[in-house]
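Each chain, letter by letter, is given below.
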There are 4 protein chains.
Amino acid sequence: MRDQNEIRLAPWREKIYTVIFGTDTKAGKLFDIILLIIIFASVIGVMLETVDSVTAVIGRELYILEWGFTIFFTLEYILRLISARKPLRYAFSFYGIIDFIAIIPTYLATFLTGGHYLLVVRALRLMRIFRIFKAAKFLKESTLIVNALKNSREKIAVFLVFVLLLVTLVGSIMYFVEGGSNPEFSSIPESIYWAIVTLTTVGYGDIHPISPLGQFLAAILMIMGYGVIAVPTGIVSAELVRSDKPPSQEITCRACGKSGHMDRAKYCDNCGTPLFDHISSQETL
Amino acid sequence: MRDQNEIRLAPWREKIYTVIFGTDTKAGKLFDIILLIIIFASVIGVMLETVDSVTAVIGRELYILEWGFTIFFTLEYILRLISARKPLRYAFSFYGIIDFIAIIPTYLATFLTGGHYLLVVRALRLMRIFRIFKAAKFLKESTLIVNALKNSREKIAVFLVFVLLLVTLVGSIMYFVEGGSNPEFSSIPESIYWAIVTLTTVGYGDIHPISPLGQFLAAILMIMGYGVIAVPTGIVSAELVRSDKPPSQEITCRACGKSGHMDRAKYCDNCGTPLFDHISSQETL
Amino acid sequence: MRDQNEIRLAPWREKIYTVIFGTDTKAGKLFDIILLIIIFASVIGVMLETVDSVTAVIGRELYILEWGFTIFFTLEYILRLISARKPLRYAFSFYGIIDFIAIIPTYLATFLTGGHYLLVVRALRLMRIFRIFKAAKFLKESTLIVNALKNSREKIAVFLVFVLLLVTLVGSIMYFVEGGSNPEFSSIPESIYWAIVTLTTVGYGDIHPISPLGQFLAAILMIMGYGVIAVPTGIVSAELVRSDKPPSQEITCRACGKSGHMDRAKYCDNCGTPLFDHISSQETL
Amino acid sequence: MRDQNEIRLAPWREKIYTVIFGTDTKAGKLFDIILLIIIFASVIGVMLETVDSVTAVIGRELYILEWGFTIFFTLEYILRLISARKPLRYAFSFYGIIDFIAIIPTYLATFLTGGHYLLVVRALRLMRIFRIFKAAKFLKESTLIVNALKNSREKIAVFLVFVLLLVTLVGSIMYFVEGGSNPEFSSIPESIYWAIVTLTTVGYGDIHPISPLGQFLAAILMIMGYGVIAVPTGIVSAELVRSDKPPSQEITCRACGKSGHMDRAKYCDNCGTPLFDHISSQETL
């Protein structure tokens, strides 16, 4: 994927580049796998640090491990900066920022007091694995799903706009209906939150209607949600069914260049020329 | 979209009409976009007014803004009345009533005490954006979804009738089973509300069975709901799959009798004969 | 729909039969519509009787109305018995029993004390409307859905067996995991009830895991449920997509009688005979 | 299913083998049905033993029954060991271990104190029925479903990886947002558990956001879950639609070159030529 007129690097920087950014060499693949494992281990570490019963027992070990991970990621970040063809562009790219966010909280928490919650930011390290997945073309299967979602993007956007309008309207109406008697429906945003919880069939139950009219409206919303859930499913299903279909004949008309003819077409349906040599001219009218 | 024998308006009214009702001119489009933004801003204002912590800080600013929006909508309403070809018909049309509802609560709340909840009605302003969407043909993609829903309208109606009968029966049975021991199942309508909450898998938990038999029946209802949710999804999916297929031309080849050509076919793909008279023989190779 | 060797009824019984059981005459249709309205009204009455705040106000009116409905249904039942060709067979048929259940509770409640809950049985009157729907062939659209469900009956049965085994296993394991510390998982049936509530994504929250291991297992079950819900939906969708397809050519081969050829077939694919006259013998090899 | 060079057993062992392991003879089928019933009865017994109100009444009867089942399963296990061609391989096979687990807890509970929860392990007896189902090829219909799931295995795996990454990220962010004010979000694993409960639309409500920002993020997650649920459903639907299609014969007509004939076609439906040599010309009209 190198540019045509690419910047020449010193051989040792070139080598680092191949291992860290590349995925085609053995060393590059090995580096990706090691990185993947360390990212996972580090994220699990971040999680466990928030569990009091765990830190009570192995808090010190987690602290040491975390510094190990941070130093490893810092070295990696420096090597990436050194070996990148355009270090600044890397530093301000999406993954460059993620890489920076992955290491900075540990240092900050040392100098700043109350950096406890800041440490959680390290969980964003998880996003680093997307690069590995992407680079290694590991997930070929995902292309089909992503394409199906991309193709139905506009339909899903329309659907989301409709859902947002619906929950705003229903939320406002429910605030009007329940607001007076039910402290749970204390404001329209709260009511909209309830409408979303209900329409998506999550149904925590932290907010629920108590007046008969409110329950009646809620029941209508639920049944609508029931029908509405069919729409995105239908869109994605239809898209996946469509992408499953064998592509129509890949034969290109020799006369007009049109491709994509029907399955059993003998003649180009754009210009009438026979698509195959073996169709004798007698057959043609 | 003008009628054949349309009513002539004075030029200045004609101009207002083009801007406010029209969507084809530059000014008309700009007006639509400004209106869209003001509607959204005003609806967000209405929402925030109901949040106590917000009104404590910027309550006054919201009040002033709201009067600004109301005056804008009032002016717009008057201009619509003036420029409409048939003002009365507009005033009593669906969107005419919505436009009126969008402005009247603010005025009423000034004169009436306890108009607090009345103000919520202004959230219906949101429905005004449907006109803009509709007029601007902004959402071409929605046509496909709406058509799929329209085509499956009758199937979905049958399904809803079935769901309503099911929840009424199950609600009555559960009232019989749980009613004696569980105060939450205090009446059949309450039990039907529970059945809807359960069948749609919302499951607030505000009402739930406690007797073993009640829990057994509830479990059956849940598993049924699980299967039943497949039906509307299946209907819409099938409809969307069907509408995804390019509709094959209904033209039959005059030479070989083959029908079912591709969408833009000009020549029969079975024998190469032109499908339409207006395809000059020169076009044919 | 009369039998070949049907029982002759007296003309007046014949007339009653045509109106009550029949659906083809004007009087028969009118009777069905009136019956439908009365059934709905009576079921709404039964519901309202269970709501204390309603009976406090119009309890007496509901009581009188209920006796009106009961007398109407009783008369109708007697007329059905009189006009039925085989009265006993009718009395013990599915709808005959439903018709009987629709009237008996009101009489029993007069003589028996504590017949309060018995009255709820009258809600089963709702099932009477199925006869009207069925008889009037009112719901043509339902055939497609019912057929799709019938065709996928066996697949859905297999799926249900799998779901039942899964919830039993998961329920037992969760009783083992949570039972000691969480009083909500007090027995295996209770745990299975929880598993069903969770797998179907209803999620009341009346029973929920509190131990970390329990929550971990619950999370796995939820994600499984997420995937599992795809199966019945997929089955029904596939069935509905399939039944949507235009039936293959309705042309029957004149030589071997095979029907159901492919869309563009020219020759019977069973015996090789041309399907249409206009296929000249020259075309045949 | 015997191996080519199978081990010869003594005739009486051969006979036991046929009945216990086999499914083709009458005795083998009868044994399977009896075993199925006893497994179900024993699992129901295990369940009822955990319900205090049941054991208070028929606890003794259940205890005796359980010993009956255990002795039956022990005898069966011994017979399987004796008649198996390779007893050790059977003992350490999946079903061999399940068979052992089915009997050992009852014996252990007699010698060990506090074996109460160990007894629950007997519920795993349920897994024994899979062998019967498998052996008897009882569930032919399941093949289609299992195949559809197998074919979409990789897509579903990709989807699950995505879901896991999503809930980890969202859980971490919510711990950051809600953790300070809401004791329910006490650690990242707890927050991830909440994210799974929400994304799968189970929504117990045991953990729910209370801060406005938390509720806003939760609402976004719910609407995403709404869209995300479409993906596995779409995958399985598409797979089932695809597997529903009759696979068109891959035979190409020798005369006209047309491929893609119907399933049982004997003649090319385009030109009438026999598709196979063994179709005698007499068959042709």
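Every chain's residues receive numbers from 1 upward, in the order its sequence appears when written. Chain A is the first chain written and ligand 1 is the first ligand written, with later ones labelled in order. Side-chain atom pairs in this predicted model are given and counted only at pLDDT of 80 or more, local residue features only at pLDDT of at least 70, and totals for whole chains, interfaces and linings cover all residues. With hydrogens and water excluded, all non-hydrogen atoms of the structure serve as input to the side-chain values.

**A closer look at the overall build of chain A**
Numbering of helices and strands runs from the N terminus, with a helix taken as a DSSP run of H or I at least four residues long and a strand as a DSSP run of E at least two residues long. From N to C terminus, chain A includes 11 helices and 0 strands. Ordered by position from the N terminus, the helices and strands of chain A form the series α-α-α-α-α-α-α-α-α-α-α. Whether a residue is buried, partly exposed or exposed follows from its accessible area with a 1.4 Å probe, protein chains only, as a fraction of its type maximum: under 20%, in between, or over 50%, in that order. Here chain A holds 285 residues, and 47% of them are scored as buried. Contact definition: two residues touch when any of their heavy atoms are within 4.5 Å. Pairs at least 24 apart in sequence give 53% of the contacts found in chain A among residues at least 6 apart. For chain A, the computed accessible surface area is about 14400 Å², with 68% contributed by carbon and sulfur atoms. Where accessible areas are quoted, they stem from the Shrake-Rupley method and a 1.4 Å probe; at the residue level, only the protein chains shown are allowed to cover.

**Things to note about the interface of chain C and chain B**
With 50 residues of chain C in contact, the opposing surface of chain B contributes 48 residues. By buried area we mean the combined loss of accessible area, with a 1.4 Å probe, across both parts when two parts are placed together. Summing both partners gives a buried area of about 4100 Å² for chain C against chain B, and 75% of it is carried by carbon and sulfur. Salt-bridge detection follows one rule: a side-chain nitrogen of Lys or Arg within 4 Å of a carboxyl oxygen of Asp or Glu. For the interface between chain C and chain B, the tally reads 0 salt bridges. Contacts described as polar in this section are N or O atom pairs within 3.5 Å, which, within protein, must combine one atom able to donate a hydrogen with one able to accept it, while residues neighboring in sequence count only if both atoms come from side chains. On inspection of chain C and its partner chain B, the count reaches 3 residue pairs in polar contact (both at pLDDT 80 or more). Breaking the side of chain C that touches chain B down by element, the ones donating at least two residues are α2 (26-49), α6 (128-135), α7 (140-151), α8 (153-178), α9 (188-199), α10 (212-228) and α11 (230-244) of chain C. Looking at the side of chain C that touches chain B element by element, the count peaks at 7 residues for α11 of chain C. Residue polarity is assigned by list, with Asp, Glu, Lys and Arg as charged and Ala, Val, Leu, Ile, Met, Phe, Trp, Tyr, Cys and Pro as nonpolar; anything else, Gly included, falls into the polar class. Residues belonging to the side of chain C that touches chain B are distributed by class as follows: 34 nonpolar, 9 polar and 7 charged.

**A word on the relation of the copies chain C and chain B**
When the copies are superposed, the least-squares fit draws on C-alpha atoms of residues that have pLDDT of at least 70 in both. Superposing chain C onto chain B requires a rotation of 90 degrees together with a translation of 0.1 Å along the rotation axis, leaving an RMSD of 0.9 Å. Expressed as a symmetry operation, the mapping of one chain copy onto the other fits a four-fold axis. Both copies present different contact surfaces, since only 18% of the interface residues of chain C are interface residues in chain B too.

**Brief notes about the side chain of Ser172 of chain D**
Mapped onto the elements of the fold, Ser172 of chain D is located in helix α8 (residues 153-178). By relative accessible area, Ser172 of chain D is classed as buried at 4%. Beyond its immediate sequence surroundings of up to four residues, Ser172 of chain D is in contact with Val120 and Ala123 of chain A together with Ile188 of chain D.

**A word on the pattern of salt bridges**
Summed over the entire model, instances satisfying the criterion amount to 32 salt bridges over all chains. A salt bridge links Glu76 of chain C to Arg128 of chain C, with the shortest nitrogen-to-oxygen separation between them at 2.5 Å. Placement of Glu76 of chain C in helix α3 (residues 52-83) and of Arg128 of chain C in helix α6 is noted, with a sequence separation of 52 residues between them. We classify Arg128 of chain C as buried; its relative accessible area is 2%. Where Asp99 of chain D meets Arg80 of chain D, a salt bridge forms, and the shortest distance between an N and an O atom there is 3.8 Å. Taken as a pair, Asp99 of chain D in helix α5 (residues 94-111) and Arg80 of chain D in helix α3 (residues 52-83) lie far apart in primary sequence, 19 residues in all.

**Section: the nonpolar core**
One broad trend across soluble globular proteins is that nonpolar side chains are buried collectively. In plain words, nonpolar cores are sets of buried Ala, Val, Leu, Ile, Met, Phe, Trp, Tyr and Cys residues tied together by side-chain atoms within 4.5 Å. The biggest cluster of nonpolar side chains holds 249 residues, and the ones touching the most others in it are Trp194 of chain A, Trp194 of chain B, Trp194 of chain C together with Trp194 of chain D. Contacts of Trp194 of chain C, omitting those with residues within four sequence positions, involve Val170, Met174, Phe185, Ile207, His208, Pro209, Ala218 and Leu221 of chain C together with Tyr204 of chain D.

**Details of the packing of helix α9 (residues 188-199) of chain A against helix α10 (residues 212-228) of chain A**
All names here are of chain A. Relative orientation of the contacting elements α9 and α10 amounts to 50 degrees, with a least axis distance of 9 Å. On the basis of their axis angle, the class for α9 and α10 is oblique. In this structure, α9 contributes Trp194, Ala195, Thr198 and Leu199 to the contact, and α10 contributes Ala218, Leu221, Met222 and Gly225. Helix axes use the C-alpha atoms of the stretch in contact, all axes being lines fitted to C-alpha atoms, and the angles between their N-to-C directions lie in the range 0 to 180 degrees. Geometric relationships in this document are graded by angle, where less than 35 degrees denotes roughly parallel, more than 145 denotes roughly antiparallel, 65 to 115 denotes roughly perpendicular, and other angles denote oblique.

**Observations regarding a nonpolar patch on the surface**
All names here are of chain A. Patch membership requires more than 30% relative accessible area and the absence of a salt bridge. Residues of like charge join within 9 Å; the nonpolar side chains Val, Leu, Ile, Met, Phe, Trp and Tyr join within 5 Å. A surface patch of nonpolar side chains, about 460 Å² in accessible area, is lined by Phe162, Leu213, Phe216, Ile220 and Met224. In terms of residue count, α10 provides more of the nonpolar patch than any other element does, 4 residues in total. Counting through the fold element by element, Leu213 comes out in helix α10. Its relative accessible area of 48% is what places Leu213 among the partly exposed residues.

**Looking at the packing of helix α1 (residues 11-20) of chain C against α3 of chain C**
Residues and elements named next belong to chain C. At a closest axis distance of 9 Å, the pairing of α1 and α3 adopts a crossing angle of 125 degrees. On the basis of their axis angle, the class for α1 and α3 is oblique. Pair α1 / α3 crosses with left-handed handedness. Of the residues in α3, those in contact with Trp12, Arg13, Ile16, Tyr17 and Ile20 of α1 are Glu76, Leu79, Arg80, Ile82 and Ser83. Class assignment of the residues belonging to the contact of α1 with α3 gives a composition of 6 nonpolar, 1 polar and 3 charged. Helix crossings are classified by the rotation of the near helix relative to the far one: an anticlockwise turn of less than a right angle makes the crossing left-handed, while a clockwise turn makes it right-handed.

**Here's the deal with the confidence of the model for chain A**
Residue and element names in this part refer to chain A. For every residue, the predictor assigns a confidence score, pLDDT, that lies between 0 and 100. This prediction gives chain A a mean pLDDT of 79; 78% of its residues lie at or above 70. Confidence, read as mean pLDDT per element, is least for helix α6 (residues 128-135) in chain A (71) and greatest for α9 (93). Contacts from residues 280-285, a stretch scored under 50 in pLDDT, to residues over four places away or in other chains number 8 contacts. Both scores are given for the predicted complex: the pTM is 0.80, the ipTM 0.77.

**Quick word on the packing of aromatic side chains**
Only rings of Phe, Tyr and Trp enter the pairing, Trp through its six-membered ring, and a pair is recorded when the two centres are within 6.5 Å. The plane angle decides the type: under 30 degrees is stacked, over 60 is edge-to-face, the rest tilted. Throughout the structure, instances matching the rule amount to 32 aromatic pairs over all chains. Seen in terms of ring centroids, Phe185 of chain B and Trp194 of chain B are 5.3 Å apart; in terms of plane orientation they differ by 65 degrees. Their pairing is edge-to-face. When the centroid spacing of 5.8 Å and the interplanar angle of 90 degrees are considered together, the rings of Phe21 of chain D and Tyr90 of chain D count as edge-to-face. Linking Phe21 of chain D in the loop between α1 (11-20) and α2 (26-49) with Tyr90 of chain D in helix α4 (residues 87-91), this pair joins segments that are 69 residues apart in sequence. Given the relative accessible area of 25%, Phe21 of chain D is considered partly exposed. Put simply, the rings of Tyr17, Phe21, Tyr77, Tyr90 and Phe100 of chain A touch in pairs and so form one group of aromatic residues. Only lysine NZ and arginine CZ atoms are considered, and such an atom sits over a ring when it is within 6 Å of the ring centre and within 35 degrees of the ring normal. The ring of Phe21 of chain D is capped by Arg80 of chain D, whose NZ or CZ atom sits 5.0 Å from the centre of that ring.

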